[in-house]
Amino acid sequence: MLEIRNLHVTVGEAGIEILKGINLKVGRGEVHAIMGPNGSGKSTLARTLAGHPDSNVTQGEILYEGKNLIGMEPDQRAREGVFMAFQYPVEIPGISTAYFLRAALNAVRTQRGLEELDAVEFLGLLKEKMKIVEMDPGLLNRPVNEGFSGGEKKRNEILQMAVLEPKLAILDETDSGLDIDALKVVAAGVNRLKSPDRSIVLVTHYQRLLNYITPDFVHILLEGRIVKSGKKELALELEAKGYDWLKGEVHV
Amino acid sequence: MFEIDPCREAFRTLEKREASKVPPELVSLRRTAFSRFTELGFPTPREEEWKYTNVSPLLKHQFKFSIEQPANGLTAEEIHSFRLSGLAGAQLVFVNGLFSPKLSHTGELPSGVKAASLSEALIHDPGLVRPELARTAPYGRNGFTALNTAFIHDGAFIHLSRGSGCEKPIHLVFITQTPSGPLISQPRNLIVLEAGSRAAVIESYYFLDGKAYLTNAVTEIVLKEDASLDYYKVQREDARNGFHVATTGVRQDRNSRFFSFSISLGAKLEREDLNVLLGAEGSECTLNGLYLVSDGQHIDHHTVIDHLKPQGTSHQLYKGILKGKSHAVFNGKVFVREDARKSDAEQVNKNLLLSDEAGVDTKPQLEISNDDVKCTHGAAVGQLDEDALFYLKSRGLDDENSRDLLTHGFAADVINRARIDAVRMELDRELWAWLQNDHLAGETK
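Residues numbered from 1 in each chain as written. Chains lettered and ligands numbered in written order. Predicted model: local features only at pLDDT ≥ 70, side-chain atom pairs only at ≥ 80, totals over all residues. Heavy atoms only, no water.

Before going further, it helps to spend a moment on empty space enclosed by the protein. Residue and element names in this part refer to chain B. For the coordinates displayed, the defined rule picks out 4 cavities of 30 Å³ or more. Quantified by volume, the largest cavity comes out at close to 70 Å³. Mapped by element, the contributors of at least two residues to the lining of the largest cavity are β11 (228–235), β13 (257–264) and β14 (269–278). In the lining of the largest cavity, the residues fall into 4 nonpolar, 3 polar and 3 charged. (1 Å grid on protein atoms, 1.4 Å probe; cavity = no way out; pocket = protein on both sides within 12 Å on 5 of 7 lines; lining within 4 Å. Points joined across faces, edges and corners; volume = space filled by probe spheres on them. Helix = DSSP H or I, 4+ residues; strand = E, 2+ residues; numbered from the N terminus. Nonpolar A, V, L, I, M, F, W, Y, C, P; charged D, E, K, R; others polar.)

Here it is in structure tokens:
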């Protein structure tokens, strides 16, 4: 599904190198967790996969279903089935959530050779999908994320994932800013969206999220490199010992 | 050149032609106004109020005055596209500023409601017209207003008697046709709502052919105690050859409500002055505006809201979107006078630049002479938010579509303030079409 080879990325005009040679393979239907402290490059990795214009790939390859994502516009990636749930979902004034979701879904459906859905068909589909994240239907007529609480914004991200049905979903710190009840709802939503055809990459600082979504593999990112990979038990070990435990691994 | 001399000649022709028909008060009003016009001339950027709007491009044309109906009359079919679908009320049509009975229909207006041509009203209803004419749009300081006043002969007259109401919006349609060369038309409108009456009026400006022309319009609005008016102005003049200068003067009495929406879609150069006098306690005005400015256009909105008495409320939201090499000006003054305790004034102007070559001069001004008031104002000029753009694109929407959606989203709150469905829907369509146009133009480059 996804193969990252020796990925180097600089960010911003200053050109500071944040990712310093990432190698990662994600198989179809697998759930991978990428853990790391603040500043380790987790979010940069997520944003690079989504095609954020501030991320400059200076070296390496990102192969998704055999295609190189580097140089591909973010919208094209999305239509090919790549999805990123934002750590900080953006507020979009003047565009209702329902309108936005339908426009996005139809863009994706067109790419997949499916017919566009009209407003009525879409509403039917949306009602089903909203159950997955227990989202308040009143939010659909409000502008995207505008005035949404932190929890509502994160639910809205997972709702978008449910509607767009990506093949590769990258969840960037979806647990941050959520209280335990909201976290359970969001995690349950993600679990319902697991499928043999869908790979999920969870980017997170804390092990907490992994109590609810069980990863197949865990990778630890430190200073722009993956320093350790393992099974789900690695997350527990990390929780017990802290990131300092791995500091020595960085320059190996 | 369009100078004072040809204006004088036209003025003499008008006087001669109407010598016997016009009441003496009007003759003397016109003369005073014309003499004031000759003193003022046309404004130059040396004047503070015209600093950012240079009218010299329009003065290059030899405009003929439109005093008589053009010979080749229009048919209802030719102007059909200027109807707003879904509007069922009275429609008064003016060609080159002159009333066209053939193209107009007033249907059955509710009792107490008059919608007619000003030239007829001057003859049939002098008692209603004369006390209000030229009282709300002073001509002492603005050459264009003085010129319009000197040539008062036609336009719309709307009058609602005490307590009357008109549910359906009255649509005033002004069309400029220039079969025989550059032309100036000067509609003069007077809208009077007596105590407790309510109405909605749409004033629209369109054009038919491609020669240079100038619309120099003046609209006076008088709202008596407890009266309520929704007033929409739609300016859709020729973006290549149309010049539009307009002054709207509003005078509000106790507890009256004025709701306005100014929509600027066309004109090579537009200057819009909207002056509202909250002249008595508890009066309230809401001024909305949206201007879409394309390559080669210059749109200037000057507004003045004058809180004269206690407990007045004013809310203003003007938004502009600019593309290509274009320019917009917003100058909004709010005065809160010494006596205007408990005034509530809010003013916002926001501009979105879609091109590096577009420019905006925005200047909101507050002048407060009373401590016991609540006043806020703000202005912004910006570009599309890159984070928002990435967010939309990351969901599969292509660049063009994402930009259009964000641009539309920028204008949505002001569009949604339009309370007449037909206007709101039309405006929505216009905005999408305006965005699409850009892409078509881009593709042919």
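What follows deals with helix α6 (residues 180–193) of chain A. All names here are of chain A. In a regular helix each residue adds 1.5 Å, so 14 residues correspond to 20 Å; α6 covers 20 Å between its end C-alpha atoms and thus fits that length. Tucked into the core, α6 has its buried residues touching α4 (119–133), α5 (150–164), β7 (168–172) and β8 (199–204). The backbone nitrogen of Asp181 has a side-chain oxygen 3.2 Å away, supplied by the residue at the start of α6, namely Asp179. (Expected span 1.5 Å × (residues − 1). Contact = heavy atoms within 4.5 Å. Polar contact = N/O pair within 3.5 Å; in protein donor to acceptor, adjacent residues only side chain to side chain.)

All names here are of chain B. Along its sequence, chain B is organised into domain 1 (4–280) and domain 2 (386–445). Computed from C-alpha atoms alone, the centre-to-centre distance between domain 1 and domain 2 is 32 Å. Taken residue by residue, the interface counts 14 residues in domain 1 and 12 residues in domain 2. Summed over both partners, the interface of domain 1 with domain 2 buries about 1100 Å², with 71% contributed by carbon and sulfur atoms. Three residues, Leu84, Tyr232 and Phe261, lead the burial of domain 1 against domain 2; their summed loss comes to 41% of the area buried on that side. If you look at where domain 1 meets domain 2, you find 2 salt bridges. (Domains from an automatic or database assignment. Buried area = accessible area lost by both parts, 1.4 Å probe. Salt bridge = Lys/Arg side-chain N within 4 Å of Asp/Glu carboxyl O.)

Moving on: the packing of aromatic side chains. Residue and element names in this part refer to chain B. Here the structure, examined in full by the defined rule, presents 22 aromatic pairs over all chains. Measuring from ring centre to ring centre gives 5.2 Å for Phe42 and Phe144, while their planes differ by 55°; the resulting arrangement is tilted. Of this pair, Phe42 sits in the loop between α2 (24–40) and α3 (56–59) while Phe144 is found in helix α6 (residues 143–150), placing the two residues 102 residues apart along the sequence. On the accessibility criterion, Phe42 (13% relative accessible area) is buried. Taking 6.0 Å as the distance between ring centres and 55° as the angle between the ring planes, the aromatic pair formed by Tyr232 and Phe259 counts as tilted. Here Tyr232, found in strand β11, pairs with Phe259, found in strand β13; they are 27 residues apart in sequence, far enough to count as distant. Comparing Tyr232 with Phe259 shows no difference in burial state: the two are buried. In textbook terms, an aromatic cluster arises when at least three aromatic residues are bridged by ring pairs, as seen for Phe2, Phe11, Phe34, Phe37, Phe42, Trp50, Phe63, Phe65, Phe144, Phe151 and Phe243. Above the plane of the ring of Trp434 lies Lys323, whose end atom (NZ or CZ) is 3.8 Å from the centre. (Phe/Tyr/Trp six-rings, centres within 6.5 Å; stacked < 30°, edge-to-face > 60°. Buried < 20%, exposed > 50% of the residue type's maximum accessible area, 1.4 Å probe, protein only. Lys NZ or Arg CZ within 6 Å of the ring centre and 35° of its normal.)

The backbone phi angle of A:Glu173 is positive, close to 45°, even though this residue is not glycine. Of note in this structure, B:Lys342 is not a glycine but carries a positive phi near 55°. Note that B:Lys342 resides in the loop between β18 (327–336) and β19 (344–353).

Bringing α5(A) into the picture now. Residue and element names in this part refer to chain A. Its 15 residues give α5 an end-to-end C-alpha distance of 21 Å, which sits within 8% of 21 Å, the value for a rise of 1.5 Å per residue. Burial analysis of α5 places 13 of its 15 residues in the buried class, the great majority of the element. Count one or two residues on from α5 and you reach Glu165, which has phi positive near 45°.

Our next topic: the sheet that holds strand β10 (residues 225–230) of chain A. Residues and elements named next belong to chain A. Spatially, the 6 strands line up as an open sheet ordered β6-β7-β8-β3-β9-β10, and their pairing is mixed. If you trace the sheet from one side to the other, it starts and ends with β6 (82–85) and β10, each paired once. Shown here is a sheet whose adjacent strand axes are inclined to one another by a mean of 20°, direction ignored. Pairing of strand β3 (residues 31–35) with β8 involves 5 bridges; the strand directions are parallel. Note that in β8 the partner of His32 across the bridge is Val201. Across the face of the sheet, α5 comes into contact with β6, β7 and β8 while running at roughly 165° to β6. (Pairing = 2+ DSSP bridges. Axes fitted to C-alpha atoms, helices over the stretch in contact; angles between N-to-C directions.)

Core analysis: the largest hydrophobic core is formed by 68 residues, its most contacted members being A:Leu2, A:Ile4, A:Ile92, A:Ile170 and B:Leu392. Split by domain, the residues of this core number at least three in each of domain 1 (4–280) and domain 2 (386–445) of chain B. If we ignore the near neighbours within four places in the chain, the residues touching A:Ile92 are A:Pro143, A:Val144, B:Ala388, B:Tyr391, B:Leu392 and B:Leu406. Judged by nonpolar contacts, the second largest core, of 49 residues, contains A:Met35, A:Leu164, A:Ile220 and A:Leu238. (Core = buried A, V, L, I, M, F, W, Y, C linked by side-chain atoms within 4.5 Å.)

Looking now at the pairing of strand β15 (residues 284–293) of chain B. All names here are of chain B. Most of β15 sits out of view: 9 of its 10 residues are buried. Relative to β15, β13 runs parallel, the two sharing 8 bridges. For Ser260, the partnering residue across the bridge sits in β15 and is Leu287. Two elements, β15 and strand β17 (residues 313–322), share 10 bridges in a ladder whose sense is parallel. By the bridge assignment for β17, Glu284 is matched with Thr313.

Confidence in the prediction of chain B, expressed as mean pLDDT, is 93, and 97% of residues score 70 or more. Interface confidence in the predicted complex, given as ipTM, is 0.96; pTM for the same model is 0.92. (pLDDT = per-residue confidence, 0-100.)

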